[in-house]
Amino acid sequence: MTRTFTEAAIAGIGATEFSKESGRSELQLAAECSLAACEDAGVNPQDIDGMITFTIDNSDEIGLARCLGVKDLAYTTRIPGGGAAAAATIYQAMALVNAGLCKNVLIWRAMNERSQYRFGQNPNNMQGYTGGHGTGSLLWCIPYGAMTPASWGALQGARYMHTYGISNRDLGYVSVQQRAYAATNPKAWFYERPITLEDHQNSKWIQEPWLRLLDCCQESDGGVAILVTSLERARDLKQPPVKIAGACQSIPYNVEVISNYYHDDLTVMPEAWGTAKRLYAQTGFKPTDMQAAMIYDAFTPQVLMQLEAFGFCGKGEGAAFVKSGALAIDGQLPTNTHGGLLGEAYIHGMNSMAEGVRQVRGSAVNQVKDVTNVLVSSGMAGAILSKA
Amino acid sequence: MSTPTDTAPKPTRIAPIVTPDAKSFWAAADEERFVGQKCGDCGRFTFPPRPMCPHCHSLKREEVELSGYGTVHSWTVPRHPHPFGFREAPVVAVIQLDEGIRMVSNVVGVAPEDMKMDMAVEVGFEPTMNNHKVPVFKPRAQ
Ligand SMILES: [Zn+2]
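None of the values given here were measured: they were computed from a predicted structure. Counting starts from 1 at the beginning of each chain's written sequence and moves along it residue by residue. Each chain gets a letter, beginning with A, and each ligand a number, beginning with 1, in the order they are written. Where local features are concerned, this predicted model is filtered to residues with pLDDT of at least 70; where side-chain atom pairs are given and counted, the filter is 80 or more; whole-chain, interface and lining totals use all residues. Only hydrogens and water are set aside; all other atoms, that is, all heavy atoms of the structure, feed into the side-chain values.

Colleague: So what's going on with the sheet that holds strand β3 (residues 75-79) of chain A? Residues and values would help.
Modeller: All names here are of chain A. Pairing between strands is defined by DSSP: at least two bridges between the two strands are required. In this text, helices come from DSSP runs of H or I with a minimum length of four residues, and strands from runs of E with a minimum of two, each type numbered from the N-terminal end. Across the sheet, nine strands lie side by side as β3-β2-β4-β7-β1-β8-β11-β10-β9; this open sheet has mixed pairing. The open sheet terminates on both sides in strands that have one partner only, identified here as β3 and β9 (292-295). Each adjacent strand pair in this sheet contributes to an overall mean axis angle of 25°, direction not counted. Looking at chain direction, strand β1 (residues 8-15) and strand β8 (residues 242-249) are connected through two bridges and run antiparallel. Simply put, an axis is a line fit to the C-alpha atoms, just over the touching stretch for a helix, and the angle between two N-to-C directions goes from 0 to 180 degrees.

As structure tokens, this is what we get:
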């Protein structure tokens, strides 16, 4: 294979249904969504030559390759950092294609994260907190009763909310908007179940006085896969090609995933600022070049902090920006138009990246008009997906 | 600081998970000493503990007694799920220590409704399961 620079594109996306109890193995979910992504693209799964997933995915590459009948795998890798680094899968797939090392890179993430184990509950083993997953200092939280992602996320969001006078009610506007999108998305767990600001305010405290239940993403069973190939090849496949205009990762000094309390200024997400800077430099785009955004929404404050990091509004203005209706379908920046991880499902950010692809293709259920570029951000990594 | 007696309830707090690079921190805590890692060459403090100084790359680490004073930089009360090992929901906080480093801990002796950002705190110790102790923080004596 030649080693000249090759433009990369997303040719296929696939998913299982999103549920609370899939009733089958995680490997089966992985196989089903991977096959769906290949069929969507019109690529024979046996021709996959690169495979990427998260370090914490429980399925084995070989196990999945054996299901798909992959003939000759050339490259496998995994990304640490959980959902915060979700877009790093696209980054790595892009780099593999750019370098001419792979032709058909499969990205997958499949989990029974509701029926088999629960990220939202107290941990029953400490395996995920050891080396290799990007979660540097979670061990230091456990003896103090900070045992869940919501508790870690609240400690991160609290200083920001305090500094800019953002109340929990202010956060509610993010949830209400995303549940409105989910309500018209038949694939969403919360299809036809919109909420009001009062519903948000009446939901129980998860982390008092910062996060209520409706500020937190769901726990879900399901799988999502994305197939990355060259732009040239994607043009000959079944779907309109979605060019990966840029993708990158950013982990500034003293930043870590979620227990992220050691960098200088807790009112910002330095990793998102770094991702934004690198992504805009790579592509030459600016915030106003984006017609939509898919922003990792494990918890509502993180949406506001990323909006600020990517320059869609000023520092501390995220809540006012959202309250103005900016994230709505006719707003300044339609965001998480599938309902996000709050409204559609929590497949670790992968389902949001798939929505970015649909928006560029023009096939989303909540389709934004005249989309050329979509920002996909998971905080520590991001990508800009563009019309080819 | 509680003194265990025959009638005192057994501690239910989870013991710290001790990694090789943090061994001296937790060993000192067991003796109710609050120590931090200071670089033996450039004199700067780092947290969490690590084998190498990120500023000058020295491997000479010194465990020095910290003032135990700091402020609450961030805090939350985990309501749901109820954290394992706590009878009442604790106040979890990020403490900004006077030495310029931060750590996660608890604020004890303050009701959640009385919690304030930047309140001055000082170190104390609480027992855990398996006869260990962890540093916690209480409002600083005036
Ligand atoms: Zn040094």
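There's more to say after this.
Colleague: If you had to explain the packing of helix α1 (residues 26-41) of chain A against helix α2 (residues 61-68) of chain A to someone new, which residues and values would you point to?
Modeller: Residues and elements named next belong to chain A. Where α1 meets α2, the closest approach of the two axes is 10 Å, and the angle between their N-to-C directions is 50°. Looking at the two axes, α1 sits oblique to α2. The interaxial crossing formed by α1 with α2 has right-handed handedness. On the side of α1, the interface is formed by Leu27, Ala30, Ala31, Ser34 and Leu35, while α2 contributes Gly63, Leu64, Cys67 and Leu68. Basically, the charged four are Asp, Glu, Lys and Arg, the nonpolar ten are Ala, Val, Leu, Ile, Met, Phe, Trp, Tyr, Cys and Pro, and anything else, Gly included, counts as polar. Here the residues of the contact of α1 with α2 sort into seven nonpolar, two polar and no charged. To sort the angles, those under 35 degrees are grouped as roughly parallel, those over 145 as roughly antiparallel, those from 65 to 115 as roughly perpendicular, and the leftovers as oblique. By convention, the crossing between two helices is left-handed when the near helix turns anticlockwise from the far helix through less than a right angle, and right-handed when the turn is clockwise. Residues count as neighbours in contact if any of their non-hydrogen atoms are within 4.5 Å of one another.

Colleague: Outline the environment of B:Asn106, supporting the account with residue identities and numerical values.
Modeller: Structurally, B:Asn106 is set in strand β6 (residues 102-107). Here the alpha-carbon distance between B:Asn106 and B:Pro9, two residues 97 residues apart in the chain, equals 20 Å. Not counting residues up to four positions away in its chain, the partners in contact with B:Asn106 are A:Pro143, A:Tyr144, B:Arg13, B:Phe86, B:Pro90, B:Val91, B:Val92, B:Val136 and B:Phe137. Within the local environment of B:Asn106, its side chain forms a polar contact with the backbone oxygen of A:Tyr144, the two atoms lying 2.9 Å apart. We define a polar contact as two N or O atoms separated by no more than 3.5 Å, with the added condition that, inside protein, one atom must be a possible hydrogen donor and the other a possible acceptor, whereas residues neighbouring each other in sequence contribute only through side-chain atom pairs.

Colleague: Run through the domain arrangement of chain B, naming residues and quoting values.
Modeller: Residue and element names in this part refer to chain B. As assigned here, chain B comprises domain 1 (17-66) and domain 2 (67-142). Reported domain spans reflect what an automatic or database domain assignment gives. Domain 1 and domain 2 are separated by 20 Å when their C-alpha centres are compared. Summed over both partners, buried area is the accessible surface (1.4 Å probe) that two parts give up on being assembled. The junction of domain 1 with domain 2 conceals about 1,200 Å² of combined surface from both sides, 73% of it contributed by carbon and sulfur atoms. The rule for a salt bridge is simple: a side-chain nitrogen of Lys or Arg has to be within 4 Å of a carboxyl oxygen of Asp or Glu. There are one salt bridge connecting domain 1 and domain 2. Along the contact surface separating domain 1 from domain 2 lie four residue pairs in polar contact (both at pLDDT 80 or more). Elements with a minimum of two residues in the side of domain 1 that touches domain 2: α1 (23-30) and β2 (45-46). If one sorts the elements of the side of domain 1 that touches domain 2 by residue count, α1 sits on top with four residues.

Colleague: Please provide a residue-by-residue account of the interface of chain B and chain A, values included.
Modeller: Tallying the contact residues gives 41 residues for chain B and 35 residues for chain A. Summed over both sides, the interface between chain B and chain A buries roughly 3,200 Å², with carbon and sulfur atoms accounting for 63% of that surface. The largest per-residue losses of area from chain B upon contact with chain A belong to B:His80, B:Arg102 and B:Val104, which jointly make up 20% of the total buried on that side. On inspection of chain B and its partner chain A, the count reaches two salt bridges.

Colleague: Now, about the sheet that holds strand β1 (residues 35-39) of chain B: what can you tell me, with residues and values included?
Modeller: In a beta sheet, neighbouring strands pair by backbone hydrogen bonds and run either parallel or antiparallel. Residue and element names in this part refer to chain B. With respect to topology, three strands assemble into an open sheet ordered β2-β1-β3, the strand pairing being antiparallel. The strands lining the two open edges of the sheet, one partner per strand, are β2 and β3 (61-65). The pairing of β1 with β2 spans two bridges and is antiparallel. When the sheet's bridge partners are listed, Lys38 is paired in β2 with Phe45.

Colleague: Requested: an account of unusual backbone geometry, with residues and values cited.
Modeller: Of note, the amide linkage connecting B:Phe47 to B:Pro48 takes the cis form, showing an omega dihedral of -10°. By the element assignment, B:Pro48 lies in the loop between β2 and β3. Of the consecutive residues B:His80 and B:Pro81, the connecting peptide bond is found in the cis state with omega at -5°. Relative to the elements of secondary structure, B:Pro81 occurs in the loop between β4 (69-78) and β5 (91-97). With a phi angle near 70°, A:Asn254 is a residue other than glycine that sits in the positive phi range. Among the structural elements, A:Asn254 can be located in the loop between β8 and α8 (270-283). Even without glycine at this site, B:Asn130 takes up a positive phi of about 60°. The residue B:Asn130 is located in the loop between β7 (120-127) and β8 (133-139) in this model.

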